[in-house]
Amino acid sequence: MKLRRLLDALSVYLPLIVLALLASGSWWLVRSVPTLNSPLANKPVRQDPDYRLSDFSVKSFNQQGQMTREISGASAQHFPATEALHIEKIRIFAQNEKDDRMNAQAQKGIASDDGKQITLLGRAQAIQHPRDTRPQIELHGERLVALPDEDKVLSDDPVRIIRGRDVFTANGMSFNSNSGEYALQGRVRGSLMPKTSPP
């Protein structure tokens, strides 16, 4: 059950721009992934991994048979001592009924068993693809932390945000998916490109 909640939270948390998009149906993996462990009472906590996954992929489909989410990784290890799942080369795809699409990836993902915190490490990025008049939005950083219960994405490390042709950099960031607002911290730089008039 822990793994099911964990992978479910991964599908909800990650992307800076689409936390609200992924929030609906946040328990989709509960019916998809079998229970992998049942800890016994008074049993010493293991320091080594209690289970491993290799070249795995978990998908979710809507009632029309359209794939809405996919989480994949080259490998994963669960550590009961820290109650966290470590995923190598994590990849996430999400799509809703409005055809909003998002891709996110990092060299490693670390997610707590309760799903309250998911950390992306190493070349982390989240990309919301353009639709209609909305430009493509990208978030890049070496470390991004998602707090699904608080609808926030945080970073205490340098971040780079690209919205269309505009580019911002900062030493840290706090993003609230409910309001759509983000606060850039530390040394902030921005490059705003003039809007082009339609022909």
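See the structure printed just above.
This section reports on the structure supplied with the text. Here the residue numbering is sequential within each chain, running from 1 through the sequence in written order. It should be noted that, the model being predicted, local features are given only for residues of pLDDT at least 70 and side-chain atom pairs only at 80 or more, the latter also being counted only at that level, while totals for whole chains, interfaces and linings use all residues. The side-chain values count all of the structure's non-hydrogen atoms but skip hydrogen atoms and water molecules.

### Topic: the side chain of Ser 72
The following threshold applies: Helix and strand definitions here come from DSSP, where helices need a minimum of 4 consecutive H or I residues and strands a minimum of 2 consecutive E residues; each element is numbered from the N-terminal end. Should any heavy atoms of two residues lie within 4.5 Å, those residues are counted as being in contact.
Locating Ser 72 in the fold gives a position in strand β2 (residues 67–79). Dropping the residues within four chain positions of it, Ser 72 is found in contact with Phe 56, Ser 57, Lys 89, Ile 90 and Arg 91.

### Considerations on the pattern of salt bridges
When charged atoms on two side chains of opposite charge get close, those side chains can pair. Which entries qualify depends on this criterion: By definition here, a salt bridge exists when the distance from a side-chain nitrogen of Lys or Arg to a carboxyl oxygen of Asp or Glu is within 4 Å.
All chains considered together, the criterion is met by 1 salt bridge. Notably, a salt bridge pairs Lys 108 with Glu 88, separated by 3.6 Å at the nearest N-O pair. With a gap of 20 residues between them, Lys 108 in strand β4 (residues 101–112) and Glu 88 in strand β3 (residues 84–95) connect regions that are remote in the sequence.

### Let's talk about the nonpolar core
What counts, and what does not: Among buried residues, the Ala, Val, Leu, Ile, Met, Phe, Trp, Tyr and Cys ones that are joined through side-chain atoms within 4.5 Å form a nonpolar core. Only protein chains enter the accessibility calculation, which uses a 1.4 Å probe. A residue is then buried if its area is under 20% of the maximum for its type, exposed if over 50%, and partly exposed in between.
By size, the foremost hydrophobic cluster in this structure holds 24 residues, and its most contacted members are Ile 87, Ile 90, Ile 92, Leu 139, Val 159 and Met 173. With residues near it in sequence (within four places) discarded, Val 159 still touches Leu 139, His 140, Leu 144, Phe 168, Thr 169, Ala 170, Gly 172 and Met 173.

### Structural notes on unusual backbone geometry
We note that Asp 55 has phi near 45°; this positive angle belongs to a residue other than glycine. Following the sequence through the fold, Asp 55 ends up in strand β1 (residues 51–61). On the basis of relative accessibility, which here comes to 67%, the residue Asp 55 falls in the exposed class. The residue Glu 83 is not glycine, and still its phi comes out positive at about 50°. Residue position: Glu 83 is located in the loop between β2 and β3.

### Some details on the environment of Ala 76
Looking at the element boundaries, Ala 76 is found in strand β2. For Ala 76, a relative accessible area of 2% corresponds to the buried category. Taking the C-alpha atoms as reference points, Ala 76 and Lys 108, 32 residues apart in sequence, are found 9.4 Å from one another. Beyond its immediate stretch of four places on either side in the chain, Ala 76 contacts Tyr 51, Arg 52, Leu 53, Phe 56, Leu 85, His 86 and Ile 87.

### Comments concerning the environment of Asp 157
When you line up the elements, Asp 157 lands in the loop between β7 (152–155) and β8 (159–163). What makes Asp 157 partly exposed here is its relative accessible area of 26%. When neighbours within four sequence positions are excluded, Asp 157 is seen to be in contact with Arg 143, Ala 170, Asn 171 and Gly 172.

By themselves, these figures tell us nothing about what the structure is for.
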